[in-house]
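Architecture at a glance
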Amino acid sequence: MKGRQVKLREAHKSGSPALCSAVWGPGGQHVVTSSAADTAVLIHDAAALLAGGRGSGVAPLSTMRLHKEGVTALAVAPGPGGSLASGSIDHSVKFYTFPEGEFQSNVARFTLPIRSLSFNKKGTLLAAAGDDDGIKLIATIDNTIAKVLKGHKGSVTGLAFDPRNDYLASVDSFGTVIYWDLCIGGEARTLTRVAPTFRSDNSVRNVLCWSPDGHTLAVPGLRNNVVLYDRDTGEEVSTLKGDHEQPVCSLCWSPNGRYLASAGLDMQVLIWDVKSRQDIERQKFDEKICSLAWKPDGNSLLLIDVRGRFGIWESVIPSTMKSPTEGIPDLNSTKAPLFDDDDGDDRTSCGLEDDIDESLCDSTPFSHKRLKRKSTFDGDSEDDDLIHQLELSNRMKDKHKDKKEDAAKASGDSASSGRLVTAKMQAAFQPGSTPPQPGMRNFLAYNMLGSITTVENEGHSHVEVDFHDTGRGPRVPSMTDYFGFTMAALNESGSVFANPCKGDKSMSTLMYRPFSSWAGNSEWSMRFEGEEVKAVALGAGWVAAVTSLNFLRIFTEGGLQMHILSVSGPVVTTAGHGDQLAIVSHASDCLPSGDQVLDVKVFNISERAQSLSGRLLLTPSSQLSWFGFSDNGQLSSYDSKGILRVFSSQFGGSWLPVFSSVKARKSEDESHWVVGLDANNIFCIVCKYPQSYPEVMPKPVLTLLELSFPIASSDLGANSLENEFMMRKLHLSQIQNKMDEMSALGLDTTAYDDEAFNMEAGLDRCILRLISSCCSGDKLIRATELAKLLTLEKSMKGALTLVTRLKLPMLQEKFSSILEERMLNDKRIAGAVGICSNATITRNMPVLTPHTTLPSKFGQNGKKIDSSLPVLNPGNQESSLIEPKKPDGEQARGIIGSDLKVSPAFTSLAKVRKNSETKRDRNGASNATIANKNKGAMNQIVAEKMSTEHCNRTEPQRPFNPFAKSSSGKEQSPSLLDSIKKMNVETEKVEKPNSKVKV
């Protein structure tokens, strides 16, 4: 161990590890400490601490015990005469004079504990945050809240103002970092889950820190390292990787930005030379160091551990190296930048603190030129450094021009303006996966079949496959993963895994593991040189991978390389179902509004065809969160705004929103993590804020929610009925499209006939309930529109019965005219079909049996019943259309079949089916076989020959409407209700006993 061991002295007593804080005063003459296990805030004399030793009993200069619970955050305003701020578990923030420690005021109260405080460079703004939803920016001149910044999903544990007063950086307990643009008061960019999480360990927290020149943000990394991010782009600049054995929990910069100190959970403090990326000093302590602070104008480091013991590490940087106070950046310098363009117009910072000063009639708002990057190390002027400075200078200048334009537009929509600055293309992801967490198990895949989980353990990972149905078969053996797989897919046959490149010498690997095989050693793997796998998918007998070169590689289950295609852009995700493979890729850069521009293509692997190519639609300002197929093979997508869409062939191919997470959630802190869906329901896992994805343990519970269109609030108050109406229409359309596709391929659609009929009947029942609601709400035009959508003859009768009982004569007349028009149309359709059938049969005359040549059919009493269509009698209002007139008590029963039980006038009111092999009339009766059809056709031919003369004498008559009033004044017709009752009785006689649908 290098250097003299730092001696720590007790400032706060703590029986267990607790979060402690320590900060320097502006001049470096005083030190302030606090502990979450102590209500006191202590101000110490730094010189006395250095002169004394451990246990010397040096008393603090001031002790403030105004908080009711432990103190979790400290901040000292820069400059002489600054203020001291403290935040506590008691939800309060208090101000004191410094260094006297006299109480000034309570600044703000929160509803939950405070976790972090930070002053800006001028001391005019204090940022305060914690477990509450939002970061409060407080104007120190009058203690008012100037702005609340919302965007984090977890507790905010670290805050840091950019030294140039342009940005505020924050980090939460989930490791997400957000740059807040103070000019527009909104998000500038977000770095998702880049820092470690400490879960239940409340003695440490995530922190971040700006370099003194404001060009670089230091954040603890996920690999026990420190990652430096560029201020303007948010991109990773460099990484400090050393001997930390556990995650970094605290860090700070030297005054000149050349050195950086980091403390880890391994109880080590390392000092880094940022330019060489090497640790030059280190100290090992007995407890975790939870707070570090570099002396503003010296070579000393203040630190405090989780037991409340603190000390000062003197002469941190050896005298043989450049002093940490040499070359401190002067941010207020008016000197022209080193690399500037000719049009060197002044660019003024427009932070929130300037608006506050101006609104309070203070002095002229603080203004300065934004300096270009200067070397913060030594006087060495290397070519690569100069090139980097020049590139950064130009980029910063362009950004300021854009920023001024954005600020002019930011009056009403700060969030939108923030997106204009930071539009970024979405990275590739695997549906059903969760982000990796150090030491925690995460999902590589989670779908309707099962899940694949992984956890890192001492240089390798442990992978397990589990099925939701535990009785499915033998358990799949776990796997030891030495490749570091980060993506996977799962189906009934097997699982596929892939990993990205880890370095220049490592290659991306694709591995397939079948669950069962008749041959041994059926597992296989592929390695890719010069490219890495970005997304994987599985289907019926194939494995697919999309790589960084935009190659789509398709393999068989046995590992045979079958196809290599090029996709149009960087892949976002893939999904497989049967023979179908869907790929989502970027069509272009993001729009100026920040919206993603995504394309989707669907391939049929077995047919080597492309069945779909188009744009994938998302909610504005959202990203794709889940993508896949429903159980019945329907393409679906779910975005970060909580909208689930399914692809439909309606309107030439459209994305229909069938679920809204915002409308389905029970409380505002709920979100839905999609797993899959079927025809009627979405399967998801409900996550509670701040969690946005499930954890492996405890095992997540699958929730079933009904699909629902985002229906507007109806004036009928029948939103559920209207949603049911739209959902049934969608399902019926899907079935009919499937039948049409099968018919076009010459396949039998008999299996779908019953399903289609039941769906039509269910749709009619829903329409009848909507008609009832419209009648109750006096929406008669809407009721008429709904009546025109009824499909079955029986449903139309039910609608007439309904409006009759409700005594709505206008609707009776409208519905009667609709029925009359349909009867006329169906009569014409039936005639056209009969002529076509007769011509076909005449050309292909079969051998007639004695049964098929009968010109008529017989009743039970042996009497002959004419098989020709009944002649309509306009004077008779009884339902002669349903069956011929019979003697009382006699029920006609034909020996040919059920072909003549219902008049052709009451076949389908919507259409005649394309498939002529089997047909079902709308009362539920179905033709028995094709032979029965031929019999009926033969009987019709013979009947036509026998009654040709009669048919020639009889002119075509208009179909009679039994609900219309008689035009003859001589006969007194029965009431409309009596006619409906008689018609229902007649209908029940001919209706099949096992009719599937009753209205």
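In the nomenclature of an unreviewed UniProt entry, the protein chain corresponds to Minichromosome loss protein Mcl1 middle region domain-containing protein from the organism Urochloa decumbens. The Subcellular location (unreviewed entry) field of the UniProt record for the protein chain holds the comment "Nucleus".

1. What to know about the overall build of the protein chain
Counting its secondary structure elements, the protein chain contains 13 helices and 53 strands. By the burial criterion, 50% of the 999 residues in the protein chain qualify as buried. Considering only contacts in the protein chain between residues 6 or more positions apart, those separated by 24 or more positions represent 52%. Accessible surface, the protein chain: about 47,000 Å² in total, of which carbon and sulfur atoms supply 51%.

2. Some points on the sheet that holds strand β10 (residues 114-119)
Overall, antiparallel pairing links the 4 strands, which are arranged β10-β11-β12-β13 in an open sheet. Edge positions in the sheet fall to β10 and β13 (144-149), since each has one partner strand and no second. Neighbouring strand axes in the sheet, compared pairwise and without regard to direction, differ in orientation by 25° on average. By the bridge criterion, 5 bridges tie β10 to strand β11 (residues 125-130) in an arrangement that is antiparallel. By the bridge assignment, Ser116 is partnered in β11 with Ala129.

3. A few points about the nonpolar core
Judged by nonpolar contacts, the single largest core of 30 residues is most densely connected at Ile767, Ile771, Leu790, Met796 and Phe815. Taken together, the elements giving at least two residues each to this core come down to α6 (719-744), α7 (750-776), α8 (780-787), α9 (793-805) and α10 (809-843). In terms of residues, this core owes the most to one element, α7, which gives 10 residues. Core analysis: the next-biggest nonpolar cluster, separate from the first, contains 21 residues, Leu19, Cys20, Ala22 and Phe310 among them.

4. What about the packing of α6 against α7?
Two numbers describe how α6 lies on α7: the axes approach to 9 Å, and their chain directions differ by 155°. Looking at the two axes, α6 sits roughly antiparallel to α7. Handedness of the crossing formed by α6 with α7: left-handed. Partitioning the contact of α6 with α7 into residue classes produces 13 nonpolar, 4 polar and 9 charged.

5. Section: the packing of α7 against α8
Each pair of packed helices gets described by two things: the angle between the helix axes and the distance between those axes. Two elements in contact, α7 and α8, have axes whose closest approach is 8 Å; the angle formed by their N-to-C orientations is 165°. Judged by the angle between their axes, α7 and α8 are roughly antiparallel. Note that α7 runs across α8; the crossing there is left-handed. Residue-level inspection shows Ile767, Leu770, Ile771 and Cys774 of α7 in contact with α8, the latter providing Arg782, Ala783, Leu786 and Ala787. When the residues that make up the contact of α7 with α8 are grouped by side-chain class, the tally is 7 nonpolar, no polar and 1 charged.

6. Looking at the pattern of salt bridges
For the structure on display, the rule yields 23 salt bridges. Note that Arg231 is salt-bridged to Asp232, the shortest N-O span being 3.7 Å. Each of the two residues, Arg231 as well as Asp232, counts as buried. Residue Arg728 pairs with Glu724 through a salt bridge whose shortest N-O separation is 3.0 Å. Separated by 4 residues within a single helix, Arg728 and Glu724 lie in helix α6, roughly one turn from each other.

7. Some remarks on the packing of aromatic side chains
A full pass over the atoms with the stated rule returns 13 aromatic pairs. Considering the side-chain rings of Phe467 and Phe515, the 5.2 Å spacing of their centres and the 85° angle between planes classify their relative orientation as edge-to-face. Placement of the pair is Phe467 in strand β31 (residues 460-467) and Phe515 in the loop between β35 (508-514) and β36 (524-528), with a sequence separation of 48 residues. On the basis of relative accessibility, which here comes to 11%, the residue Phe467 falls in the buried class.

8. Topic: the sheet that holds strand β20 (residues 226-230)
Spatially, β18-β19-β20-β21 is the arrangement adopted by the 4 strands of the open sheet, whose pairing is antiparallel. In this open sheet, the two strands that pair with only one neighbour each are β18 (209-210) and β21 (236-240). Examined bridge by bridge, β18 and strand β19 (residues 216-220) share 2 bridges and lie antiparallel to one another. Within β19, the position partnered with Cys209 by the bridge is Ala218.

9. A short note on the side chain of Ser83
Mapped onto the secondary structure, Ser83 falls in strand β7 (residues 83-88). The class for Ser83 is buried, based on a relative accessible area of 17%. In this view, Ser83 contacts Ala75, Val76, Ala77, Tyr96, Phe98, Gln104 and Phe119; residues no more than four positions away in its chain are not counted.

10. A few points about the state of the cysteines
For the coordinates displayed, the defined rule picks out 0 disulfides. Counting only cysteine sulfurs, Cys209 is the nearest neighbor of Cys252, a cysteine outside any disulfide, at a range of 6.6 Å. With relative accessibility at 6%, the residue Cys252 sits in the buried group. Between Cys290, a free cysteine, and Cys20, which holds the nearest cysteine sulfur, the sulfur-to-sulfur gap is 4.7 Å. On the basis of relative accessible area, Cys290 is assigned to the buried category, the value being 4%.

11. So, α7
With 27 residues, α7 should reach 39 Å at 1.5 Å per residue; the first-to-last C-alpha distance of 40 Å fits that figure. Phi for Asp778, located one or two positions after α7, is positive at around 60°.

12. A word on the confidence of the model for the protein chain
Looking at the protein chain, the pLDDT average stands at 77 and 73% of residues meet or exceed 70. Here residues 399-422 is modelled with pLDDT under 50, and outside its nearest four sequence neighbours on either side it reaches 37 contacts, counting other chains as well. In this model residues 990-999 is a low-confidence stretch, pLDDT under 50, and it forms 20 contacts with partners more than four residues away in sequence or in other chains.

13. Digging into unusual backbone geometry
Following Phe98, the chain continues to Pro99 via a peptide bond in cis, the omega torsion being 10°. By secondary structure assignment, the location of Pro99 is in the loop between β8 (92-97) and β9 (103-109). A cis amide bond links Met697 to the next residue, Pro698, at an omega of -5°. The phi angle at His91 is positive, at roughly 75°, despite the residue not being glycine. Residue placement: His91 occurs in the loop between β7 and β8.

14. A word on the environment of Leu168
As for its position among the elements, Leu168 is in strand β15 (residues 167-172). Residues Leu168 and Ala127, 41 residues apart in the sequence, show an inter-C-alpha distance of 8.6 Å.

15. Quick notes on the environment of Asp715
Here Asp715 shows up in the loop between β51 (703-706) and α6. What makes Asp715 exposed here is its relative accessible area of 52%. Along the sequence, Asp715 and Gly777 sit 62 residues apart, while their C-alpha atoms lie 8.4 Å from each other. Sequence-distant contacts of Asp715, that is, excluding residues within four places in its chain, are made with Lys779 and Arg782. Among the polar contacts listed, one links the side chain of Asp715 to the side chain of Arg782, at a separation of 3.1 Å.

Conventions used here
Residues numbered from 1 in each chain as written. Predicted model: local features only at pLDDT ≥ 70, side-chain atom pairs only at ≥ 80, totals over all residues. Heavy atoms only, no water. UniProt positions renumbered as here; feature names shortened; annotations may be inferred. Helix = DSSP H or I, 4+ residues; strand = E, 2+ residues; numbered from the N terminus. Buried < 20%, exposed > 50% of the residue type's maximum accessible area, 1.4 Å probe, protein only. Contact = heavy atoms within 4.5 Å. Areas by Shrake-Rupley, 256 points an atom, 1.4 Å probe, with all protein chains shown as cover. Pairing = 2+ DSSP bridges. Axes fitted to C-alpha atoms, helices over the stretch in contact; angles between N-to-C directions. Core = buried A, V, L, I, M, F, W, Y, C linked by side-chain atoms within 4.5 Å. Parallel < 35°, antiparallel > 145°, perpendicular 65-115°, else oblique. Left-handed = near helix turned anticlockwise from the far one by under 90°. Nonpolar A, V, L, I, M, F, W, Y, C, P; charged D, E, K, R; others polar. Salt bridge = Lys/Arg side-chain N within 4 Å of Asp/Glu carboxyl O. Phe/Tyr/Trp six-rings, centres within 6.5 Å; stacked < 30°, edge-to-face > 60°. Disulfide = S-S within 2.5 Å. Expected span 1.5 Å × (residues − 1). pLDDT = per-residue confidence, 0-100. Polar contact = N/O pair within 3.5 Å; in protein donor to acceptor, adjacent residues only side chain to side chain.

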